[in-house]
Amino acid sequence: MSDGKRPGIGWSHEAIAWNIANDIPDGAVVNLGVGLPEKVVDYIPQGREVLFHTENGLLGMGPSAAIAHADPELINAGKKCVTAVAGAAYFHHADSFAMIRGGHIDFCVLGAMQVSQTGDLANWTMGEGDPAPAVGGAMDLVAGVRRIFIAMTHCTKSGEPKLLRACTLPLTGKGVVSRVYTDLATIAIGPHCFEVLAMAPGVDRDYLQTRTGSDLIFRTSAEVEANRQ
Amino acid sequence: MIYKLRASAAEAVADIFHGATVLIGGFGAAGSPIELIHALIDQGAEGLTVISNNTGSGRVGLAALIEQGRVAKMICSFPRTANSTVFQDKYGNGSIQLELVPQGTLAERIRAGGAGIPSFYTPTALGTSLARGKEVRKFGDREYVLEYGLTADFALIKCLRCDRYGNLVYNKTARNFAPIMATAAKTTIVQTQSYVEAGELDPEGIVTPGVFVDRIVRIPEPLQESSLVAAGAVYP
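The following paragraphs examine the structure supplied in this document. In this text, all values refer to a predicted model and were calculated from it rather than measured experimentally. (Residues numbered from 1 in each chain as written. Chains lettered and ligands numbered in written order. Predicted model: local features only at pLDDT ≥ 70, side-chain atom pairs only at ≥ 80, totals over all residues.)

### A look at the overall build of chain B
A tally of helices and strands in chain B yields seven helices and 12 strands. Against the compact-globule benchmark of 18 Å for 236 residues, chain B has a radius of gyration of 18 Å, which places it among compact chains. Reported as C-alpha extents along the three principal axes, the dimensions of chain B are approximately 50 × 40 × 30 Å. Counting over 236 residues, chain B shows a buried share of 55%. (Helix = DSSP H or I, 4+ residues; strand = E, 2+ residues; numbered from the N terminus. Rg over C-alpha atoms; globule rule 2.2 N^0.38 Å. Buried ≥ 20, exposed ≤ 12 C-beta atoms within 10 Å, placed from the backbone.)

As structure tokens, then:
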């Protein structure tokens, strides 16, 4: 392939969502960003009760709405029609962001353009010349939610690493990311560098390092288990 | 007697003046008071500052107000949609100003403005370009950015049910910014699907108390912005 990625390896977007969903514990309250993160709602393991928050005023968001039942006044942050679960609550925007900024949401899953080894996140603008910079709720989410999970492709479409020593794009927040879930690996932000918790089938250490813009350390499965949550 | 009902959207927005600041409810199409916005387009006021989360979709509603050149400045969090280039075109050629505000900061600025709070500190945007030039203060072990409350001359919002006193109930996620916007304008104008006599709404279930509402317009079957956009509609 032209971008240097090995063909046929790596997790699909659905598998990334599955990886994330499996790391969200029973009882958690979770905000989902726009795009790939929206898929997480479909993969929560049976037996776990997780409440999904959407910034536009709903706690208890369910899966996407079937077209026949789509209600244009019941949407998610990505403005797609969704459903509300039994026990859901609607509220206005100031209350919604009081939940976010006030530390009442346990996890947030966002997309990203770049993540640094110290957990800096860039996900809102390409910088100078952006035809219309748009931030939405991203800066509030990273300032207020306890754990920020990133769901993204490991590299850009042209093969450039998105995991870097330092972000080159304007930041959304400094030192805010806990974990990054990509098509190639699941990576924690460690005290000093990226720590690889899991690799997709077919990915090895050397290959992952060549696709990453900063040093990686590799945890043994026992260390990963001990560090879980 | 308390009587806020107006005969038409045109009558309700008739005194919105050139250069007014207008809060417009909605998150994308959900909750966008499209009939009130179209009445404002017909009415002709120019040089408006509009505070709304987005900048409209397609070529109807808020996007049409912008396309008609009536908005001098947008204060919003996300001026981008998949189906509209109206704002981007104006912003690209320098004919509209943009104050980009993180969504939660936008909501809190409106809430604060409506509650008589002139400013507050928030952790949002610390260390980013959106906090550039703003006062930062440390409370405990964390730094916060100073932000200011927002108020406006008018608010245009949409609800599901309304009684004669202006008590409001909304529909699902179409509620979004409307309850806080209702508090932050000198004159709050609401379009409602159903209008009932005082006493017919459960006092425990009222979301916006009528004290925040000045004018009511009955729009029993509001246009759905998403359907208009899908059909390629253009206003006017």
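Continuing now.
### Examining the interface of chain B and chain A
Between chain B and chain A, the residue contacts involve 40 residues of the former and 33 residues of the latter. Elements represented by at least two residues in the side of chain B that touches chain A include exactly α4 (86-92), α5 (103-114) and α6 (178-184) of chain B. Grouping the constituent residues of the side of chain B that touches chain A by class yields 18 nonpolar, 17 polar and five charged. (Contact = placed C-beta atoms within 7 Å. Nonpolar A, V, L, I, M, F, W, Y, C, P; charged D, E, K, R; others polar.)

### Thoughts on the sheet that holds strand β8 (residues 147-151) of chain A
Sheet strands line up and pair through hydrogen bonds in the backbone, either parallel or antiparallel. Residues and elements named next belong to chain A. Spatial strand order, β4-β3-β2-β1-β5-β8-β10-β11-β12-β13: 10 strands in an open sheet with mixed pairing. Two strands in the sheet have a free side with no partner beyond their single neighbour: β4 (82-90) and β13 (216-218). Direction aside, the axes of adjacent strands within the sheet are offset by 35 degrees on average. Sheet topology places strand β11 (residues 185-189) next to strand β12 (residues 194-199); five bridges connect them, and they run antiparallel. Along β12, the bridge assignment pairs I189 with F194. Across the face of the sheet, helix α1 (residues 13-22) comes into contact with β5 (107-110), β8, β10 (177-181) and β11 while running at roughly 165 degrees to β8. (Pairing = 2+ DSSP bridges. Axes fitted to C-alpha atoms, helices over the stretch in contact; angles between N-to-C directions.)

### Comments concerning the environment of B:L156
All names here are of chain B. As for its placement among the helices and strands, L156 is situated in strand β9 (residues 152-163). For the pair L156 and P33, spaced 123 residues apart in sequence, the C-alpha to C-alpha distance is 6.5 Å. Beyond its immediate stretch of four places on either side in the chain, L156 contacts V22, I24, G25, P33, L36, I37 and I189.

### So, the sheet that holds strand β7 (residues 121-122) of chain A
All names here are of chain A. Spatially, β7-β6-β9 is the arrangement adopted by the three strands of the open sheet, whose pairing is mixed. The open sheet has two edge strands with one neighbour each: β7 and β9 (163-164). The pairing of strand β6 (residues 114-116) with β9 spans two bridges and is parallel. Paired with V115 across the two strands is L163, which belongs to β9.

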